[in-house]
Every structure is written in C-alpha cells, then in structure tokens.
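Residue-level structural notes
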Amino acid sequence: MFKLINVINIWIYFPILLSVGYSDDLINMSTVPSPLSRQRAIRLPNTTFPLHYHLHIKTNIHRNDLMYIGNMTIDIDVRESTDEIVLHAKDLNNFTLSVYDLETGLPLHDLTYSYDANNSFLIIHAHEYYQVFEAGFKYRLEILYEGIINEIFLGLYWLQYQNNENEMVYQAATQFEPTGARLAFPCYDEPAFKANFSICLTHGDIYEAISNMPVRSIEPETTDDVLTTCFHTTPPISTYLVAFVISNFGYISAESRGLTQRVYTPTSTINKGEKQLNASVHILAAMEDFLGVNYTLSKLDHIALNKKYGAAMENWGLIMYKESFLLYNDEADSQVKFKGYLTLAHEIAHQWFGNLVSPIWWTYAWLTEGFATYFSYIIIDMLHPEFQSMEYFLVEIAAKAYSYNEYSMRPHPMTYYVEHENDIRSVFDIISYQKAACVIKMFHHAFNQKTFMQGINHYLNKHQYSVVNELDLFESLQDAVKMDSLLNEHNNWTSSVSEILLSWSHNKWIPIVTVQRNYDANSITIRQQSKNIESLHYFWIPLNFASASDNNFESTTVDYFMPPVKEITLSVSDLNIKLSNDDWLIVNKQQTGFYHVLYDDENLMKIVQALQENHLLIHELNRADIFQNIQPRIEHYDIQSAQEIFELLKYLHYEESLLVWNFATPIAELLGRNLYGTATQQLYKKFIQFLVAPVYNRLFNRPIIDEELTIMELTTQQSILSLACEFDLPECLKYTQRLAEDRIIHDIQVNNNSFMSDAVICAGMRYLNDSQFDAALKVLSNSASQDYLLYALPCTQNENHIQKYLKYLISEDIIEINMNISDSLINIFYMFKSNMAARPIIWRFIEHNYKLIIHAPFFLEMFNRLSEYVHTEHLKQYRDLHQQISTALQNFDNIGNSTLISADSSRIGRKVRTTESFLQKFGTEIHEWLLHNQFPVFYASIARTNNASKHYPHIFSTVSNLFKKIFKIVLL
C-alpha cells in the first residue's frame, strides 16, 4: 500500500512521470455530457482544498526554446462531498491527469476532465456525474501539461539580456499577482487557498534557479548540460506569491540576525546593488523591531529584472524589481536613493502584510497595500530622517488620495468586492494604496501609536500563515484599545472600534468637517458631509484640537470621536479643550486625520491673524493643511468672501517652510489663471512677486552648494521657481533665461534633476529675444534628440514667437524630428492648456489653418477639447468657426472615429464656467483689495509686527532690501 511518507519520497516517485506515463490509470478526454452547461460562479467552489503542491517544471530556455513541460501534483482535502474538482488553468495544453486515493495510493477510474475557457476552470469529474469525491477523504491529483514561456510579463515570462560577450541570453521569471499563477501551472489560484509548495526546476547548467525557499538539492540530469534544482517546502502560501527565476545572474550577499539576503543582477552590474543590499538589511531589521514579529523565512532574495512594467513584486522570500529601483551608482541623486529605499521598504513590509498574513479575497487588497505603503514611509523616516519621508507622504500619498476622491467619477470603498480578472487588477489603485495608507495613518495616531502597534502585533501573531478579512484586523485593534487604560478613562467609544473602522472601509467618500463656533455660548457645532452631498453614509471621525490657549500640536491621539451623524453641538467643556472667545482653534493636528476641515469665517480670520503675527505658533503641517483645505473651496467658489483668502496669502512673504509653499503655490496659480486677462491681472502679479520674492531668493540667489535635496525640496523648489517666473519676478526671469541660453546654445546641462531642468528651461523661454528664440528653433530642427525643447518652446509669452512655433509645427520640417501632424496637434493642445497667453493666438491659428490640418487623426479630438475653454464672450466667433469646420468636413469620407462636437453641446465652455462665475462673484472685491494693499509700507508693517522675524532677522533684512529693488523696477 502506497502512503504519503514525506516530501522527499514524493519527489522520488513523481518526476518520473514527466517521461513515463501509466496508461492504465491516466484520465483521457472523451465525449461526455458537458458539465459546462452547469451554471457556475466565477470563483472556485469551497468543496475541495489544496494541502500541498509538488511542482516540477522542465525548461530549455538555455537553448532559446520557450516550450516547457510541467508536472503538478496536488494533495487535496475534500471538505464537502462533490462530483468534481475545480481548479484554474489558463493557456496551458496537452493535459494528462491521474487521481489517487491519498490513503491507499489506489487510482480512481472512470474520470475525465472538461475545460471552461470563460472562467479558466479545469474540471475533473466522472464520465457520468455522481459524488465521486467524498467529504473527509484526501486525494492526490497529478497533472502533466505543457506551456509556453510568454512575453507579456504575466505568468511565466521570458526576458533578454546582453551578456559580457555581447550575446543575447534568455532568462525566465514569474509574475503571478493577482491571477497569473494559472498561466504557469494548474492550481487553486485564489488567495484563500493557501498551501505548501515543493518546487523543482530543470534548467541548463549555465543557469541558476532561485525560488521562494532555499535550495534543497541540485542534481544533474541524464543530459549533460541540464540540472534539476529542488527547493525546500514553503510554509502555507497563496499562489500569487509563488515565484522562481532561471537566469545566469551573479549575486552579492549579506547576513544579519541569522538571515541571509542576496541581490541578484547581471554580472556586469553586480556592484550597483551594494547600497540596496545594505539598505535592505537595515530596513528588514527595523521592520522586525517596529512590528515586534520576526521575518519567518531563512533567506530573502532581491533580483533586478529589465522588465517594463511595475516597480517590484513582493513574492515571499524572492522580491523582483524593475532594475532602476534596485540598481544605481554612487553618483545617484537623493531622489533615486529615496525612491529605491521606499520600494525596498514597501516590498519588505509585504513579507508580513500579504505574505505572512494574506487577504482571504481581493476585496481586502487594502489590508496588504495600505499597510505596506504607510509603514514603508515610517521605516524610511526612522532610518533616514534626512529624506523627510513623512512630509513627502503628505505631498505624494495624501495628495493623491484626496485628489482621486475629488476628481474621480467612480470612487469606490476600500473594502470593495470584485470577481472578474480585469476587475481584480483594477482594485490595485489609489484607493488600495494611497487612501488606505492615509486611513491607517489616521488610526495609528488616533488610537495612540503604541496601542495601535500592539494591536498590529496581535493581528500578525494570531493570523500568521493564514488568511484574513478586515474584521480580523479590527478585532485585534479592539482588543488593544480596550487594554489602554488612558483611552478608556474618559472615552465611551473604545468598545466600538470595529464600527468605527467599518465606517471608513465601507465608505467611498472623504468627509468634509465644518467647524462652526458659537462665541456667545462658547460651544462648537461640528458637521460632516462629503463631496457627494446626497450621501447619507456618515463616519466616525477622530478629532483633536489645538488653540491659542493650548497650542500643543505634538499629541495626536483622538480628543473626540464624532459619531456617524450629520451634525453635533458640544460645549468647550464637553470637548475638554482650552478655548477662549479670542482664541483661534485648529482641528486635525499635524494632518494626521484623513478629512478636510473648514472653519467659520471668524475663526479662519483669527487663524490668519495669528499667522500674520507669528506663524511659528501654528505647526508647519497645519499651516500646510489650511491651504490644502481651502483650495477646493476656491475651485468651486465655495467661499463667502475673497478677503479671507488674500489675507491668508499675505503672510506667505515670510513663510520659509517648503512644505507650506508646496500647498500654497497651487492656490496662487489658480487665482492667477482666474484673473488672467482682467484689469486685475497686473495688480495680482505684483502681489505674488512680493510674496514669493523672499523664499525664491533664499533658494536661488545664493552661492551654489553641492547639497543633497529631498524629493519634496526639489519638487517645491521647482514649484516656487515656476511661480516666480510665471508672475515675472525679475530675478527669476534673468536667472532662468541665462540658464536656458546655456542649455540651448551651449549645450550646458542646467541641473542633474530632469524635473527641475524642464522647469528652468520653460521659465527661461518666456521672454527670449528674436535671435535667441530662432536659435532654439534651429536647435530643435537639427536634432530629434532635443525633445526637451518641445516642452520648453510652448512656454514663450511672445506673440510673434508663438505664431512662429505654430507655423513650424505644421510645416514639413517636423519630419526631421520624427514627428507627424498628429504629434504636432498634441503639442499645440499642450501649449493651449499650459500657456494662457497662447490661447487666443491658437484660436486664430486654427481659424486660418484648419483646412491644412483637418485631415489629421487628432484634429477633431483636439478641437472638441479646446471647445471646453470657450468663454461666453467669444461664443459667436466660436460658432462661426465651428460652422466652417463642419462644412469642410463634408468633403472627407473618412476622418477616423472622432466626430465634431455639437454646436450646442454642454461641453462647450465648461472648463471656464467656474472662472467666469468666480470673477462675477469676487472680481470687484479682489481688485479693490489689491488696490488697497499694494504699498511697500504695508508689507514693512507686516514684517515689523510678525514675531517670527525675531527668529530670522537676516531674512527680513534681505526682504526689506529686495522690496526696494522691486519697487524701482515695478514703478518704471
């Protein structure tokens, strides 16, 4: 009697079946009543469950042969009596199947299989359907099959590298998340079906095979140039985390805390992985200490692949990276290092969140991606505070999460059920990554950081090697909160943790919290709503407070949980906060909460006054938060008075924080677009010059120092430079024009950072003289490699230069730079959107030249999009042009898939309606405010009264001299 003894014995028997078949017991496809007529769910049934996979794949990729042979043996537990075993297989063929009783070793006869292509189901069943698989029994299913190593970077795919002898060499690698394992081998390809994997790979002897686990054995085959590498058995693992690579790479290694880590790369680039290997050792150790749970495998490999898609994949014990995220030289700038460290930390965090504890279904993808995103920033902040990663979290992660909800037409909750493969892939989006990270961060602070991490530790320990849903996490956090005596002392919410968290994971919106103070009663009314004002789904919102009487911004634990109601009024004593009538009040300390906060006008003006008197009394993150929260209100002109906005902006001329400027700059640009072309434009330009001049000069009018800047610093510096030049700050124009001329005429690189370089060249292009502009156009015409000029030339503000560039774009000269007319139209549309001065010129250009470009595939799409920017006062001219184009189109039989926008379409002018409404409501008020506040004595008085000037006397001395210089220029 054959019995299952151990893994090694299994592999003694079953690899033989790759070459030898048992004809008596094999299942052959025959004509049977098709089970495909049965109505099936998209997901696998729960009647059977895999216990152990034994996978042997034989490849000949070393001979450039992409065919492979597979032998998959699965030990299966039958949990409910059933007439079939259903598993996944896709794009595999030539199946031969056998089924054995695992207890007796005897084969099952009278079986066949069917294939459901719609669901990628391989279905094993009797010729005549009956309950052949009884509950409580275990079976061994062996499947011999063939497959092709593909080139779609999903499943088992191939890559090419050039070796040191300049020969092209094939490699094979896997990408199974989320539903790619079925492309490589038959399996239960859903995350809930965790099982052990024992893997063997047969490959050329010039190659090395690596997988999730360490190598158990390497044995030569009968063919001289072939080896079979077998690996130790994995712990229970979801199929999407199984991984292997066959390559001729070399590696470097390091050992720490008994764990070996290796970085695999092509041998020619092996030294480029040293920094990341060292970083990985420190990151993993920091993650272990932070979570209080050790990494559970005995090795962790990192491999650099020249794949085209994705940054990295967190396979358990074998993380695969796009080369640029794992390999770089010593000369790499801080951006490259920071992004590389973040990627490492994100994938290492997945070794716990996703690998050790896995989601039961893709509904809960946020349980893996949200934690990996947030904790990666925390770990990098611990190890490398110089990167200011938590500040960048606000700029990058939180900003994306807020904007997605603001602009997406189809937001969805974090917990979001999907079934189809395409829908499963789509759930790996901003919601699962960025929004979930922000919500996790909020409760990390609200529940007390130490208490929250105790809950996480309990969650990981309790559910290791298993699968979870969100309630498992919430239960662990609930237990931790109940154990915190301080949280339980004055709070009645501490037994409602699951309810609190469910209000966030099942709501697709972001709350907007309105704080309305009653100064007579010294009470506060708090209201919540969302962008969708019709939504009746309310949140439990963790609020905390700072005031002029109690400006402790460091404690970010919740002060009061607003229940899921539309509105509640509480006295100051109920909230246990210190607040007098003259005090300002700030809600959401350090932006730890994931919600917008709006204040009544009087409180907002108290905050503004405090900022003008001494902005350092309010935390930097909350100063930034004020601008972030007010921007959507301006965009939708949801403000009662423009005065409060301009009073808020006014203090910026002594704001040094780049983080604050990062959130303030978009508001300054937004108002500038709204006021462009009005009588107020020049007044506003002078106002912005006064605001931005001090910070611009601090950043750019100083000796160049070879210093490492963080991504946030680089990004904000670019924004400040663009703002200063957009509003014609003389120093900025002079500086960027000189650098632009050096770059274009003398081919001197502006900056190692391409992002900053593009901003400098664009700004420098604004006011070139005729000879300089002609020289730039000549450089573009003579070299297709100078494509940076395609983004810089549209920045010009000179009408003649704009016309000259437009004519160039529809000339035959564009062939010399590998462009066609559609490329040119895309460039024109880019110019229209980014350059306000070019818009009327482009409309006239289209009016005079539409007959020359109407045949281009992109013309109608471009014209339809431009139609959204037509102001009401120009509707008559637009309709005349529309009629001319409509008539001209009658001469064309085929103009592609696009159709001309209807002359009465509601899309026409929709992009500028908000601007028109804004000007109608606030135009006069803004003009009068700017007239009243355009005197140098006003700004001097602000500087004198602001106590922050005592902290930075040298800055305000510089500002004073700068103002005198500016006024000499402005008044000329």
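One can find the structure itself at the top, above this paragraph.
To start, this report covers the structure provided alongside it. If you're wondering where the values come from, they're calculated on a predicted model, not measured in any experiment. Counting of residues starts from 1 at the beginning of each chain's written sequence and follows it residue by residue. Owing to the predicted nature of the model, reporting of local features is limited to residues with pLDDT of at least 70; listing and counting of side-chain atom pairs is limited to 80 or more, with chain, interface and lining totals taken over all residues. With hydrogens and water excluded, all non-hydrogen atoms of the structure serve as input to the side-chain values.

1. Notes on the overall build of the chain
- Each helix is a run of DSSP H or I of at least 4 residues and each strand a run of E of at least 2, with the numbering of both proceeding from the N terminus. Broken down by element type, the chain carries 31 helices and 29 strands.
- Contacts in the chain between residues far apart in sequence, at least 24 positions, make up 73% of those at least 6 positions apart.
- As presented, the chain carries roughly 40,700 Å² of accessible surface, and 49% of it is formed by carbon and sulfur atoms. Pairs of residues are marked as contacts when any of their non-hydrogen atoms sit within 4.5 Å. Using a 1.4 Å probe, the Shrake-Rupley method yields the accessible areas, and only the shown protein chains count as cover for residues.

2. Let's talk about the packing of helix α24 (residues 799-809) against helix α25 (residues 821-834)
- The interhelical angle for the contact between α24 and α25, taken along N-to-C directions, is 155°, at an axis separation of 9 Å. The pairing of α24 with α25 is recorded here as roughly antiparallel in orientation. In contact with Ile802, Tyr805, Leu806 and Leu809 of α24, α25 contributes Ile821, Ser824, Asn827, Ile828 and Met831.
- Under the convention adopted here, Pro, Cys and the residues Ala, Val, Leu, Ile, Met, Phe, Trp and Tyr are nonpolar, Asp, Glu, Lys and Arg are charged, and Gly plus all remaining residues are polar. Classifying every residue of the contact of α24 with α25 by side-chain character gives 7 nonpolar, 2 polar and no charged. Angles run from 0 to 180 degrees between N-to-C directions of axes, and those axes are lines fitted to C-alpha atoms, restricted for helices to the stretch in contact. Angle categories are assigned with fixed cut-offs, so that under 35 degrees is roughly parallel, over 145 is roughly antiparallel, 65 to 115 is roughly perpendicular, and the rest are oblique.

3. With respect to the side chain of Lys589
- Among the structural elements, Lys589 can be located in the loop between β28 (585-587) and β29 (596-599).
- Setting aside residues no more than four positions away along its own chain, Lys589 makes contact with Asn544, Phe545, Ala546, Asn552, Phe553, Ser555, Thr556, Asp559 and Asn622.

4. Notes on the nonpolar core
- Nine residue types can take part in a nonpolar core, namely buried Ala, Val, Leu, Ile, Met, Phe, Trp, Tyr and Cys, and a core is a set of them joined through side-chain atoms within 4.5 Å. Think of it in three bands: residues with accessible area under 20% of the maximum for their type are buried, residues over 50% are exposed, and the middle band is partly exposed, with areas taken using a 1.4 Å probe on protein chains only. In terms of nonpolar packing, the biggest core is built from 245 residues, with Phe185, Trp352, Phe375, Phe443 and Ile456 touching the most fellow members.
- With residues up to four places along the chain from it excluded, the contact list for Phe185 reads Leu55, Met72, His88, Leu92, Tyr145, Phe176, Phe197 and Val242.

5. Looking at the pairing of strand β14 (residues 244-247)
- Side-chain alternation along β14 places Phe244 and Ile246 on one buried face and Val245 and Ser247 on a second face that is also buried.
- Relative to β14, strand β9 (residues 168-175) is paired through 2 bridges, and the arrangement is antiparallel. Looking at the pairing, Ala172 lines up with Ile246 of β14.
- Examined bridge by bridge, strand β11 (residues 208-211) and β14 share 4 bridges and lie antiparallel to one another. Each bridged residue has a counterpart across the sheet, and for Ser211 the counterpart in β14 is Phe244. DSSP bridges decide pairing: two strands pair if at least two such bridges lie between them.

6. Describing the pattern of salt bridges
- Think of a salt bridge as a Lys or Arg side-chain nitrogen and an Asp or Glu carboxyl oxygen that are within 4 Å of each other. Tallied over the entire structure, the rule returns 28 salt bridges.
- One salt bridge connects Arg38 with Glu84, and the closest N-O pair in it is separated by 3.3 Å. Of this pair, Arg38 sits in the loop between α1 (7-13) and β1 (48-60) while Glu84 sits in strand β3 (residues 84-88); the two residues are 46 residues apart in sequence, bridging distant segments of the chain.
- What makes Arg38 partly exposed here is its relative accessible area of 34%.
- Linked through salt bridges whose partners overlap, the residues forming this network are Lys90, Arg182, Asp189, Glu421 and Arg425.

7. Here we look at unusual backbone geometry
- The step from Glu177 to Pro178 runs through a cis peptide bond, and the omega angle for that step is -5°.
- Looking at the element boundaries, Pro178 is found in the loop between β9 and β10 (196-204).
- For Asn64, which is not a glycine, the phi torsion comes out positive at approximately 60°.
- The topology assignment puts Asn64 in the loop between β1 and β2 (65-78).
- Overall, Asn64 belongs to the partly exposed group, its relative accessible area being 47%.
- Backbone geometry places Asn522, a non-glycine residue, at a positive phi of 50°.

8. Details of the side chain of Arg262
- Here Arg262 shows up in strand β16 (residues 259-265).
- At 3.0 Å, the side chain of Arg262 forms a polar contact with the side chain of Tyr264.
- Other than its neighbours up to four places away in sequence, Arg262 contacts Glu208, Ile210, Tyr251, Ile252, Ser253, Leu277, Lys299, Leu300, Asp301 and His302. Nitrogen and oxygen atoms within 3.5 Å of one another constitute a polar contact, given that in protein one can donate a hydrogen and the other can accept it, and given that sequence-neighbouring residues count only through two side-chain atoms.

9. Observations concerning the sheet that holds strand β7 (residues 138-148)
- One open sheet accounts for 7 strands, arranged β4-β7-β2-β1-β10-β13-β12; its pairing is mixed. Two strands bound the open sheet, and with one partner strand each, they are β4 (93-101) and β12 (215-220). Going across the sheet, the axis of each strand differs from the next one's by a mean of 15°, ignoring polarity.
- Here 12 bridges tie β1 to β2, and the two strands are oriented antiparallel to one another. Bridging across to β2, Thr59 finds its partner in Tyr68.

10. Here's the deal with helix α27 (residues 859-866)
- With 6 of 8 residues buried, α27 is to be regarded as a mostly interior element.
- Along α27, the residues that are buried comprise Phe859, Leu860, Met862, Phe863, Asn864 and Leu866.
- The elements touched by buried residues of α27 are α25, α26 (839-853) and α28 (875-889).

11. As for the packing of helix α17 (residues 658-675) against helix α18 (residues 681-700)
- The N-to-C vectors of α17 and α18 enclose an angle of 160°; their axes lie 11 Å apart at closest approach. With respect to α18, the axis of α17 lies roughly antiparallel. The hand of the α17/α18 crossing is left-handed. Contacts between α17 and α18 involve Leu658, Trp661, Ile667, Ala668, Leu671, Gly672 and Leu675 from the former and Gln681, Tyr684, Ile688, Leu691, Val692, Val695, Arg698 and Leu699 from the latter. Should the near helix be turned anticlockwise from the far one by less than a right angle, the crossing is left-handed, and should it be turned clockwise, the crossing is right-handed.

12. Brief notes about the pairing of β3
- Of all the 5 residues making up β3, 5 are buried; the element is thus mostly covered by neighbouring parts of the structure.
- Along β3, one buried face is formed by Glu84, Val86 and His88 and the opposite face, lined by Ile85 and Leu87, is buried too.
- The pairing of β3 with strand β6 (residues 121-126) spans 5 bridges and is classified as antiparallel. Among the inter-strand pairings, Val86 is bridged to a residue of β6, identified as Ile123.

13. Quick notes on the packing of aromatic side chains
- Only Phe, Tyr and Trp rings take part, Trp by its six-membered ring, and two of them pair if their centres are within 6.5 Å. Stacked means planes under 30 degrees apart, edge-to-face means over 60, and tilted covers everything else. Under the criterion given, the structure shown has 57 aromatic pairs.
- Summarising the aromatic geometry, the rings of Trp158 and Tyr170 are spaced 5.2 Å apart at their centres and angled 75° between planes, so their arrangement reads as edge-to-face. Here Trp158, found in strand β8 (residues 155-162), pairs with Tyr170, found in strand β9; they are 12 residues apart in sequence, far enough to count as distant.
- Taking the centre distance of 6.3 Å and the plane angle of 45° together, the rings of Phe447 and Phe561 count as tilted. Placement of Phe447 in the loop between α8 (431-446) and α9 (449-462) and of Phe561 in strand β26 (residues 560-562) is noted, with a sequence separation of 114 residues between them.
- Assessed through its relative accessible area of 4%, Phe561 is described here as buried.
- Ring-pair connections join several aromatic residues into one group, and the members of that group are Phe290, Phe353, Phe371, Tyr374, Phe375, Tyr377 and Phe393.
- In this structure, Arg43 packs its charged tip against the face of Trp361, placed 3.8 Å from the ring centre. Here, over-ring charges are defined by two tests on the NZ atom of lysine or the CZ atom of arginine: distance to the ring centre within 6 Å, and angle to the ring normal within 35 degrees.

14. What about the state of the cysteines?
- The criterion for a disulfide is a pair of cysteine sulfur atoms lying within 2.5 Å. On inspection of all chains with the given rule, the structure shows 3 disulfides.
- Shown here is the disulfide that connects Cys762 with Cys795, its sulfur atoms set 2.0 Å apart. On the S-S bond that ties Cys762 to Cys795, the torsion sits near -105°, and the link is left-handed. Here Cys762, found in helix α21 (residues 754-764), pairs with Cys795, found in the loop between α23 (788-792) and α24; they are 33 residues apart in sequence, far enough to count as distant.
- Taking the relative accessible area as the measure of exposure, Cys795 reaches 8% and is therefore buried.
- Sequential numbering of the bridged cysteines in the chain gives the disulfide pattern 1-2, 3-4, 5-6.

15. Brief notes about α8
- Of all 16 residues that make up α8, 15 are buried, and the element is covered over most of its length.
- Within two residues after α8, Asn448 carries a phi angle of roughly 80°, on the positive side.

16. As for the environment of Ile821
- Among the secondary structure elements, Ile821 is positioned in helix α25.
- Spatially, the C-alpha atoms of Ile821 and Leu852 are 10.0 Å apart, while their sequence positions differ by 31 residues.
- If we skip the residues at most four places from it in the chain, Ile821 touches Leu809, Ile810, Ile814, Ile853, His855 and Ala856.

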